[in-house]
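Commentary on secondary and tertiary structure
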Amino acid sequence: MRVRRAADWGVVSTQLLVGGRIYSSSNPDATAMAVSDGIVVWVGQDKPGRALHPDAEIVDLDGAFVAPAFVDPHVHITALGLQLTGLDLSRATSLAECLELVREFARTRPQGAILGDGWDETRWPERRAPTSAEIDAAAPGRLVYLTRVDAHSAVVSSALLDAVPGVTDAAGFTRGEPLRENAHHRVRAAVLDGLDRAQRDRARRAALDHAAAHGIVAVHECAGPEISGHADVAELLEFSHGVEVRVYWGEAVRTADEARTLVKELGVHALGGDLFVDGSLGSHTARLRTPYADRDTRGTAFLDADAVAAHLRACTEAGIQAGFHVIGDAAMDIVVDGFTRAAAELGGPAVATRGHRIEHAEMVDAEQIAQLAAWGVIASVQPGFDAAWGGVDGMYAARLGADRAATLNSFAAMAAAGISLAIGSDAPVTPLNPWAAVRAAAHHRTPGHGISPRAAFTAATRGAWRAGGIRDGVSGTLVPGAPASYAVWAADDLVVAASADSVQRWSTDPRSRVPGLPPLDPATPLPRCLRTVHRGVTIHGD
């Protein structure tokens, strides 16, 4: 990609990209795009572009693919940065390897707490989590906090347990098992408080740099009192970076005044994200109608229908977007009951106007899908979950049994009912890699649940902007009048493809003039980001 300025350069406010392939619904065959003052002003072919913009700065794309930049609607920025800069246990293929990674990290970094993230015992031959005794042996005397991949449980050293008053009396503490629920929340808060500002800022920069390098221009931070705390949110809102951050705070309120006050005091954008109705399947804390297949428990419910309805009513009346973390089917029953009560009191259109969100929505039946669609609910989903844990031999099947596991993450049913999807990662739970998420949505492990690559790409761009309240009709697209937020990719062929298990449709016929996307079959390498631009400003690359 080469930049060449016009001879009579002076002060140029227009940039003309030429010689590429532009993903634009207004001109599917476009090879050029003009940007002025952070806005797309023209899309078309090279020759007319040069004639119409003779004084523009020229950017020769050398055949690269230009597409709307991604938005990730569910991330945990500081936690992701700590994974990137700290001890990443996602690569451990066994319990023994996990402990060796801890031992080596302790040897090379003899000072400070040890924070690790991403272990998953369901992938290990031992099929169990580390114990505190094993961690103590690997890192004697150290404060060690190792989060499970789903971030809903953790194993810790004895020294860390001793350093957090009252943790052994808290809900979720069982000696010899990973910490869950309130016990886990207390330890996590203590660990984050133990870091200094420089460490936290270094983690944030690493996370947002990583996002920009993957073609992402905006993220939605899903914070809360049990996740990262007030101090982390305040520091994050002060932090300067080219990646735009929208902050959700997961704390339930009961009145509109309370909602307005909380938003104003914290400076957050909405009251949702990881407002926990339940936990996760991997940690046995997602709330189920019937017990888990591999443990005699139905999980945990943190909110009831009264609390859900009150929060929805308060936020709707205050003009604030609300949302909930919900995974299990019994948790979804609670949420749907709460929506039903709020809609009965305020009216369905009033509730729908706010674009309230549900995060994850993994176990949802056909009747609930229809109800959520009628209330204008937006589903913030993570196809990486299915890629990591789906299939007949995956974690879902182990936790739920094959029949129940096959009902999870029904993206096609939600989209068909009219639910707006927003695709993200829940990073660091799954990697911050939007093309991988789009591919996972299109190549779902359960036949009939996948959506087309085009629909998935839209959900990771335009749909994700919409999930953040941007409904201008152009954000997340490259058409005249749209914000110039785009990424430039090294990609070979472009194709127009249906979902893996759908019939051929007119939109996949070349005559339909639908813009092509890079092939996303599992054997093909994903596109590589060359440059990321947000509102006309380059935030990654040359």
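The name given to the protein chain in an unreviewed UniProt entry is N-substituted formamide deformylase, and the organism recorded there is Nocardia otitidiscaviarum.

On to the overall build of the protein chain, then. The helix and strand tally for the protein chain stands at 20 helices and 22 strands. The buried share of the protein chain, reckoned over its 542 residues, is 57%. Pairs at least 24 residues apart make up 72% of the contacts formed inside the protein chain by residues separated by at least 6 positions. For the protein chain, the exposed area adds up to about 21,000 Å²; of that, 51% sits on carbon and sulfur atoms. The positive charge centre, built from 50 side chains, and the negative charge centre, built from 64, are 3 Å apart in the protein chain.

What follows covers the layout of surface pockets. Approximately 630 Å³ is the volume found for the largest pocket. Taken together, 36 residues line the largest pocket, and the ones lying closest to its centre are Gly 384, Ala 388, Val 429, Thr 430 and Pro 431. The biggest single contributor to the lining of the largest pocket is helix α14 (residues 383-389), with five residues. Among the residues forming the lining of the largest pocket, the class breakdown is 18 nonpolar, twelve polar and six charged. Composition of the lining of the largest pocket by domain shows at least three residues from each of domain 2 (76-194) and domain 3 (197-468).

Our focus in this paragraph is the environment of Gly 391. For Gly 391, the position within the fold is in the loop between α14 and α15 (395-400). Each C-alpha atom, one on Gly 391 and one on Arg 445, is 5.5 Å from the other, the two residues being 54 residues apart in sequence. Residues within four places of Gly 391 in sequence aside, it is in contact with Ala 397 and Arg 445.

The next subject is the nonpolar core. Residues Leu 271, Phe 324, Leu 372 and Met 414 are the most contacted members of the largest nonpolar core, which totals 83 residues. Looking at this core element by element, the count peaks at eight residues for helix α11 (residues 329-346). Split by domain, the residues of this core number at least three in each of domain 1 (14-69 + 478-540) and domain 3 (197-468). Dropping the residues within four chain positions of it, Leu 271 is found in contact with Trp 249, Val 253, Ala 259, Leu 262, Val 263, His 311, Cys 315, Ile 320, Gln 321, Ala 322 and Gly 323. With 20 residues, the next largest nonpolar core counts Phe 105, Ile 114, Trp 119 and Ala 138 among its residues.

The element strand β20 (residues 486-490) is largely enclosed, with a buried count of four among its five residues. Bridge count between strand β7 (residues 65-68) and β20: four bridges; the pairing is antiparallel. Directly across from Pro 68, in β20, lies its bridge partner Tyr 486. Examined bridge by bridge, β20 and strand β21 (residues 528-534) share five bridges and lie antiparallel to one another. Note that in β21 the partner of Ala 487 across the bridge is Thr 532.

What follows is about the domain arrangement of the protein chain. By the assigned domains, the protein chain splits into domain 1 (14-69 + 478-540), domain 2 (76-194) and domain 3 (197-468). Using only C-alpha atoms to locate each centre, domain 2 and domain 3 end up separated by 25 Å. Taken together, the 29 residues of domain 2 in the interface contact 40 residues of domain 3. Both sides together, the interface formed by domain 2 and domain 3 hides about 2,800 Å², and carbon and sulfur atoms give 58% of it. For the pair domain 2 and domain 3, the interface holds two salt bridges. Listing elements by their share of the side of domain 2 that touches domain 3, those giving two or more residues are α2 (77-85) and α6 (181-193). The element contributing the most residues to the side of domain 2 that touches domain 3 is α2, with nine residues.

Evaluation of the coordinates by the stated rule reveals six cavities of 30 Å³ or more. As a volume, the largest cavity reaches approximately 410 Å³. Around the largest cavity, the lining comprises 28 residues; the ones closest to its centre are Ala 79, Asp 117, Thr 147, Ala 151 and Arg 188. The set of elements that each furnish at least two residues to the lining of the largest cavity consists of α2, β10 (114-119), β11 (144-148) and α6. Sort the elements by how many residues they give to the lining of the largest cavity and α2 lands first, with four residues.

Our next topic: the sheet that holds strand β22 (residues 537-541). Pairing is mixed across the open sheet formed by five strands, whose spatial order is β3-β7-β20-β21-β22. Each edge of the sheet is formed by a strand with only one pairing partner; in this case those strands are β3 (21-22) and β22. By the bridge criterion, four bridges tie β21 to β22 in an arrangement that is antiparallel. Its bridge partner lying in β22, Thr 532 is registered against His 540.

Calculation criteria
- Residues numbered from 1 in each chain as written.
- Predicted model: local features only at pLDDT ≥ 70, side-chain atom pairs only at ≥ 80, totals over all residues.
- Heavy atoms only, no water.
- Helix = DSSP H or I, 4+ residues; strand = E, 2+ residues; numbered from the N terminus.
- Buried < 20%, exposed > 50% of the residue type's maximum accessible area, 1.4 Å probe, protein only.
- Contact = heavy atoms within 4.5 Å.
- Areas by Shrake-Rupley, 256 points an atom, 1.4 Å probe, with all protein chains shown as cover.
- Lys, Arg positive; Asp, Glu negative; His and termini not counted.
- Charge placed at Lys NZ, Arg CZ, Asp CG, Glu CD.
- 1 Å grid on protein atoms, 1.4 Å probe; cavity = no way out; pocket = protein on both sides within 12 Å on 5 of 7 lines; lining within 4 Å.
- Points joined across faces, edges and corners; volume = space filled by probe spheres on them.
- Nonpolar A, V, L, I, M, F, W, Y, C, P; charged D, E, K, R; others polar.
- Domains from an automatic or database assignment.
- Core = buried A, V, L, I, M, F, W, Y, C linked by side-chain atoms within 4.5 Å.
- Pairing = 2+ DSSP bridges.
- Buried area = accessible area lost by both parts, 1.4 Å probe.
- Salt bridge = Lys/Arg side-chain N within 4 Å of Asp/Glu carboxyl O.

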